[in-house]
Amino acid sequence: MNKSKAGNPRKIDFRVLGRVLKMLFAAYPVLLPITLFCIMFSAAVASIPSIFTQKVLAVVTEYTEAGLMDWTVARQEILPKVLILVGLYVCSIIFVTIHTQLMAYITQGFLSKMRRRMFDGMQDLPIRYFDTTKHGDIMSHYTNDIDTLRQLVSQSMPQLLQSCIIVVTVFFIMLYYSVWMTILILVGVCAMIFVSGKIGGGSAKYFIRQQKSLGKAEGYVQEMMNGQKVIKVFSHEEDAKAGFDQINEELYADSFRAHAYANSLGPIIMNIGNILYVLCATAGGLFLLTNCPNLSLSGLPFTIDIIVPFLNMTKQFTGNINTFSQQINSIVMALAGAQRIFGLMDQAPEVDDGYVTLVNAEIAPDGTITETTKRTGHWAWKHPHGDGTLTYTELKGDVRLTEVDFGYTDEKTVLHDVSVYAEPGQKVAFVGATGAGKTTITNLINRFYDIADGKIRYDGININKIKKSDLRRSLGIVLQETNLFTGTVMENIRYGRLDATDEECRSAAKLAGADDFITRLPDGYNTELRGNGANLSQGQRQLIAIARAAVADPPVMILDEATSSIDTRTEAIVQRGMDKLMEGRTVFVIAHRLSTIMNSDVIMVLDQGRIIERGNHEKLIAEKGVYYQLYTGAFELE
Amino acid sequence: MLKRLAGCIQEYRTPTILTLLFIVAEAIIEAFIPFITANLVNTIKAGAEIQMVVKIGLLLIVMAILSLSCGGIAGFTCAKASAGFAKNLRRAVFHKVQSYSFENIDKFSSASLVTRMTTDVSNVQMAYMMIIRTAVRAPLMLIFSIIMAYIMGGALATSFVVIIPFLAAGLFMVSRKAMPAFRRVFKKYDRLNESIEENVRGMRVVKGFSREEYEKEKFGTASENIRWDFTKAERIVALNSPLMQICVNFNMIFVLLVGSRLIITSGGALIDVGEISAMLTYGMQILIQLMMLSMIYVMLTMSSESIRRIVEVLDETPALSSPADPITEVKDGSIDFEGVSFKYSAKAEKNALAGIDLHIRSVMTVGILGGTGSSKSTLVQRIPRLYDVTEGSVKVGGVDVRKYDLDTLRGAVAMVLQKNLLFSGTIKENLRWGNPNATDEEIAEACRLAQADGFVRSFPDGYDTMIEQGGTNVSGGQKQRLCIARALLKKPKILILDDSTSAVDTKTDAQIRAGFAEYIPETTKIIIAQRVASVEHADLIIVMDNGTISAMGDHAHLMAESEIYREVYTQQKNGGAENE
């Protein structure tokens, strides 16, 4: 469940509530007021009937006391009052129906909106956010935190409003009957509020602690379940159990306290209400017996007809304060949840100042480029200049990094003075230990991260000027960690280019050497993949990822350990397809296996963010440097 | 299914029973309060002595305090019972999984086990709390209120009894219609969250292909789709409230009207105003209790899926366990496979292993080669009895592995798994998995043998360096060497390395093997590898193909006899040293 830092309940910012309400109003500027109005109205109406009930009973009392036993006469006095009662009830039912139905509509609409806002915002966040935030934490915004909002909007908010209205209405009705007795009630209510605050606060504190321990237990269980086989091999079961029992015990303690507080709040408030009722009744009796003068809005003297309805009001009044107090928990939790949701929404999106775009182009024999809407297989960079003119540059795949410095944080520079020149059609390879900066270079080319110093030019254009989406469209990437999406194999390949035909997807798969195993799957290209292609081997997933990049047909490709999970024999088969795939493209290759990169035009050996050797295979072997040592197996890569 | 769960209540049976008792006490007191209140009102009205009023008032206050105490204590014991029950459930599931064999583990994904121990157990906890608080109270209050209504209002109370079946049917129908709708949409909701997770994980792919807008649109459609399903289900549930109101309100009017008439015509002899008031209160009570009962029904159906998922784990029988009269000593490190066949499941068409006959003498070093899916791992996993064979037998030290105590066998056979893991904790703590009593000197020695001592010492905190979850702060090769050291600490009679040096460079790999030969010559060593160089000098090399032994012998023999071996050998030697 909730893994993120919920913090101290006292630190909860109540402005968050204002923000949620503002968004709710903005989403439903008409429906929400209507709903709220219906809630208020039905609440108000709900408190009036008891007046008429009492009026009817008063008539009855009057008749009985007078010894009149004639129903036909009494009926004339009673029926109109009952009719009003019926009218009020009908109104109330209509309004209740309207607001409960509308509330269901609004709640789900609002949640869907919030989900989409979070998701849309998330899509625009820079890669840095995903590299530095735990994925479990991001996910809990969509599950746990959204759930707390649902509770707030669909239950706590209407119930609070309803209780508020009833409390206020009843308050005035009570004043209508008797000011003295109302004061007595207010004293009791103060006690209730005090108790609610104490117990409710304690409960909220432990609920938040419970969420934390639950997160801790979840983390432990996850680690152990992942390593269950290692546990078995080392007969480590008893230790795993002992570790779990301890965390489980902590979770129990917090959960027990949270619920103990929450559970006892109800009976306590309710019985304070009961005591208050008795006090009121006794006081009323006293007033009656002593003929104490009444002070009230109605100006009525103390009679039994005042005291009985007043006592009923007392019940309603305290009952609603109880409802009120029951909501404290969910409100505190919802505010904590909303705060985290806003934390995600308020993340600064990826900035894109690029104005150079990628367009389909027709290239005349004389080299002039004209823009076109249809796919020609040729592309050009459309470059608007400050003076209002437009120039077109043919997309060739010439990528140059000049004296680039970069660090993920300001304190630590990971790339120092890196220069790489990749001409169209060249294969450039990076070799080096983990952390040497190979992947970092590719992160910079597609602008997942921005460089600190130096220049990167693509076909002579500074990549900062190119619109990010167009830049990335011109680069195909295949990563070591393959991510496939739920859907068919075909859909996954088509992800590379959404308008690709089935035929094009198939030939891309053939090129990648994936066609063979795909056709052997139960439903061929229509086989459904789930859970990141859990039913495929890591090698097969990589082949699909290669096909996905191939169908995009980009002029530049980045292969980051793209074939690392394919065994040497299969790789030999894939290699042919890969070679064909790389034909005519600029390709950046990162690989551990030297056999994958030996035939590159340029090989860069990286060490701690610096290029220490560069050249082709023969040259580097002849130099007898680090590459040579790697090749002969004398040196270790990690 | 429920019985299975109830077994986990254990020591929390007492708080559970106490809860029930206190709830009953509270309910009884609560039921009498309106009765005495009516009395009080009547006393005041009758203009009785003030002492009388105070007396009844005091009685009421005492009752309220009693009710408060009972309610408070019940809330406390109920929290204890439900939190404790949840604790026991989680423990039962976790402990059960510890008894699983590999075969059982393969059945459940680790993510689903995590959900079962967290979300599902929490659902059951909430349901349990709800049920012990209301399951007894609601029917009790219901019956009591009906009786009281009869005492107060006589025949008039029949109107409540008449309306109950209608309301109950109505509430039941709402729940019945809403539940399947909810269940459907929850499934969709899970899938939506799965797709968010995919997106978060695959953000580099999304951004790499500039698919942000496409993803937004796709998500928007899915989210809206679920929104409408949810709205539909919630709107059905929202009917509960007006339904209740219709019944309550019109019943009130009926009682009021008929009651008034009765009072007037009888001159207050049959029923009086106080009694009518009390009746109205009881009427309200009856309806609230019905609402509670319908909520229990909803809670139970909502949590039934969670219950099913928990019981599924608890009911799984461990595929293998120690025999009744186990042998607790492994004589030596010899291994014999006799006509061994194996299928992963009874339904599988193909044997993962077929007709394996193999005899390894103690002290031998054995290399195993073969392509992906040739069942190399499947073969060696029989030795520490991680799975049982389907046919034939595997013997260690001349005794069938099924006759050993499992801990004894696995203590003597150390295996470094292909998918190996370190756990969060210090390096030293991780290594002590091999032997909890290992001294610092023994740990350092094992690390030297596994060529790990050097880099461990280069860390600022040395052997006390914290390993993060999943071992993400050490490189693949370092992790593998630590895993080897961990296995060595067991001082095993048989050591199995399942592709455990794939991320270690050839030179270090060779040093590790040389260390084995020098320092643990007594131990039988089985090495699965991709690199020919890793197995080239073994006493016996086994070439696996498609679940069978394709060829067996030393290097020279295989170069002459085995085509596969020759092919792999020449490919690797010509392709240069491949570094992985």
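Definitions and limits used
- Residues numbered from 1 in each chain as written.
- Chains lettered and ligands numbered in written order.
- Predicted model: local features only at pLDDT ≥ 70, side-chain atom pairs only at ≥ 80, totals over all residues.
- Helix = DSSP H or I, 4+ residues; strand = E, 2+ residues; numbered from the N terminus.
- Rg over C-alpha atoms; globule rule 2.2 N^0.38 Å.
- Contact = placed C-beta atoms within 7 Å.
- Buried ≥ 20, exposed ≤ 12 C-beta atoms within 10 Å, placed from the backbone.
- pLDDT = per-residue confidence, 0-100.
- Pairing = 2+ DSSP bridges.
- Axes fitted to C-alpha atoms, helices over the stretch in contact; angles between N-to-C directions.
- Right-handed = clockwise from strand over helix to strand, strands pointing away.
- Parallel < 35°, antiparallel > 145°, perpendicular 65-115°, else oblique.
- Nonpolar A, V, L, I, M, F, W, Y, C, P; charged D, E, K, R; others polar.
- Domains from an automatic or database assignment.
- Left-handed = near helix turned anticlockwise from the far one by under 90°.
- Core = buried A, V, L, I, M, F, W, Y, C linked by C-beta atoms within 7 Å.

1. Here we look at the overall build of chain A
So, step 1. Along chain A, the regular secondary structure elements total 21 helices and 16 strands.
So, step 2. Taken over the C-alpha trace, chain A has a radius of gyration of 37 Å; the compact-globule value for 638 residues is 26 Å, which it surpasses by more than 25%.
So, step 3. Summarising its shape, the C-alpha atoms of chain A cover approximately 125 × 65 × 50 Å along the three principal directions.
So, step 4. Contacts spanning at least 24 positions in sequence make up 76% of the contacts within chain A whose residues lie at least 6 apart.

2. Notes on the overall build of chain B
So, step 1. Helices and strands together make up the secondary structure of chain B, namely 21 helices and twelve strands.
So, step 2. At 36 Å, chain B has a C-alpha radius of gyration far larger than the 25 Å of a compact globule built from 580 residues.
So, step 3. Taking the principal axes of the C-alpha coordinates as reference, chain B spans close to 120 × 55 × 50 Å.
So, step 4. When the 580 residues of chain B are sorted by exposure, 47% land in the buried category.
So, step 5. Residue pairs at least 24 apart in sequence account for 78% of intrachain contacts in chain B once pairs closer than 6 positions are excluded.

3. Quick word on the confidence of the model for chain A
All names here are of chain A.
So, step 1. Per-chain confidence: chain A averages 85 in pLDDT, with 95% of residues scoring 70 or above.
So, step 2. Taken element by element, the predicted model of chain A shows its lowest mean pLDDT in helix 18 (residues 568–582) (71) and its highest in helix 14 (residues 489–494) (93).
So, step 3. Within the model, pLDDT remains below 50 along residues 1–10, and this stretch shows 29 contacts once partners closer than five positions in the same chain are excluded.

4. Quick look at the sheet that holds strand 4 (residues 390–394) of chain A
Residues and elements named next belong to chain A.
So, step 1. Sheet architecture is open: four strands sit in the order 2-1-3-4, paired in antiparallel fashion. With one partner strand each, in any of the chains shown, strand 2 (369–372) and strand 4 form the two edges of the open sheet. With strand direction ignored, the average angle separating the axes of adjacent strands in the sheet is 50°.
So, step 2. Two elements, strand 1 (residues 357–363) and strand 3 (residues 379–384), share four bridges in a ladder whose sense is antiparallel. The partner of T357 across the bridge, within strand 3, is K382.

5. Section: the pairing of strand 10 (residues 524–528) of chain B
Residues and elements named next belong to chain B.
So, step 1. In terms of residue burial, strand 10 counts as a mostly covered element, since five of its five residues are buried.
So, step 2. Here strand 10 shows a buried face lined by T524, I526 and I528 and a second buried face lined by K525 and I527.
So, step 3. On the question of chirality, the crossover connecting strand 9 (residues 494–498) to the parallel strand 10 by way of helix 18 (residues 506–519) is right-handed.

6. Things to note about the packing of helix 4 (residues 71–123) of chain A against helix 10 (residues 240–266) of chain B
So, step 1. Where helix 4 of chain A meets helix 10 of chain B, the axes come as close as 9 Å, and the angle between the chain directions of the two elements is 175°. Taken together, the axis directions place helix 4 of chain A and helix 10 of chain B in an arrangement best described as roughly antiparallel. The segment helix 4 of chain A lies against helix 10 of chain B, with W71, A74, I78, V82, L85, V86, Y89, S92, I93, V96, T97 and T100 of chain A engaging S241, P242, Q245, I246, N249, I253, L256, L257, S260, R261, I264 and T265 of chain B.
So, step 2. Considered class by class, the residues forming the contact of helix 4 of chain A with helix 10 of chain B number 15 nonpolar, eight polar and one charged.

7. Quick word on the interface of chain A and chain B
So, step 1. Each partner contributes to the interface: chain A provides 122 residues, whereas chain B provides 124 residues.
So, step 2. Of the residues forming the side of chain A that touches chain B, the biggest block, 27 residues, is contributed by helix 9 (residues 237–290) of chain A.
So, step 3. Among the residues forming the side of chain A that touches chain B, the class breakdown is 61 nonpolar, 43 polar and 18 charged.

8. Section: the domain arrangement of chain A
So, step 1. Here the domain parsing of chain A yields domain 1 (9–345), domain 2 (357–394) and domain 3 (399–631).
So, step 2. Placing the centre of domain 1 of chain A and that of domain 3 of chain A at their C-alpha centroids yields a distance of 56 Å.

9. As for unusual backbone geometry
Residues and elements named next belong to chain A.
So, step 1. Notably, D553 is not glycine yet its phi reads approximately 55°, a positive angle.
So, step 2. One can find D553 in the loop between helix 17 (538–552) and strand 13 (556–560).
So, step 3. Taking the C-beta count within 10 Å as the criterion, D553 has 18 such neighbours and is therefore assigned partly exposed.

10. Some details on the sheet that holds strand 4 (residues 391–396) of chain B
Residue and element names in this part refer to chain B.
So, step 1. Spatially, 2-1-4-5 is the arrangement adopted by the four strands of the open sheet, whose pairing is antiparallel. Among the strands making up the open sheet, the edge pair consists of strand 2 (353–360) and strand 5 (399–400).
So, step 2. With five bridges joining them, strand 1 (residues 335–342) and strand 2 adopt antiparallel strand pairing. Counterpart to D336 in the pairing with strand 2 is H359.

11. Quick notes on the packing of helix 7 (residues 179–226) of chain A against helix 5 (residues 110–134) of chain B
So, step 1. Two elements in contact, helix 7 of chain A and helix 5 of chain B, have axes separated by 9 Å at closest approach and are oriented at 150°. Relative to helix 5 of chain B, the element helix 7 of chain A is oriented roughly antiparallel. For the pair helix 7 of chain A and helix 5 of chain B, the sense of crossing is right-handed. Taken together, the residues of helix 5 of chain B that come into contact with helix 7 of chain A (itself represented by L214, A217, E218, V221, Q222, M225 and N226 of chain A) are S110, L113, V114, M117 and T118 of chain B.
So, step 2. A per-class count over the contact of helix 7 of chain A with helix 5 of chain B returns seven nonpolar, four polar and one charged.

12. Let's talk about the pairing of strand 3 of chain A
All names here are of chain A.
So, step 1. Bridge count for strand 3 against strand 4 is five bridges, and the pairing is antiparallel. Across the sheet, the residue bridging to W381 is T393, located in strand 4.
So, step 2. Counting the residues in the hairpin turn of strand 3 and strand 4 gives five residues, including G388, whose phi is positive at 90°.

13. Thoughts on the nonpolar core
So, step 1. Counting residues in each nonpolar core, the largest one holds 341 residues, and the members touching the most others are A547 of chain A together with M279, A485 and I496 of chain B.
So, step 2. Per element, the largest residue contribution to this core is 22 residues, and it comes from helix 9 of chain A.
So, step 3. Sequence-distant contacts of I496 of chain B, that is, excluding residues within four places in its chain, are made with V380, I383, V413, A414, M415, V416 and I526 of chain B.

14. A closer look at the confidence of the model for chain B
Residue and element names in this part refer to chain B.
So, step 1. Put simply, chain B has an average pLDDT of 86, and 97% of its residues get 70 or more.
So, step 2. Taken together, the stretch residues 576–580 has pLDDT below 50 and engages in 23 contacts with residues farther than four places along the chain or on a different chain.
So, step 3. Interface confidence in the predicted complex, given as ipTM, is 0.84; pTM for the same model is 0.78.

15. Considerations on the environment of M148 of chain B
All names here are of chain B.
So, step 1. Structurally, M148 can be placed in helix 6 (residues 137–153).
So, step 2. Residue classification places M148 among the buried positions, given that 22 C-beta atoms sit within 10 Å.
So, step 3. Separated by 73 residues in sequence, M148 and G75 have C-alpha atoms that sit 26 Å apart.
So, step 4. Not counting residues up to four positions away in its chain, the partners in contact with M148 are A31, F35 and Y282.

16. Describing the environment of A86 of chain B
So, step 1. Looking at where A86 of chain B falls in the secondary structure, it is placed in helix 3 (residues 50–98).
So, step 2. Accessibility expressed as a C-beta count within 10 Å gives 25 for A86 of chain B, which makes it buried.
So, step 3. In contact with A86 of chain B, other than residues within four places in its own chain, are S255 of chain A together with V121, S122, V124 and Q125 of chain B.

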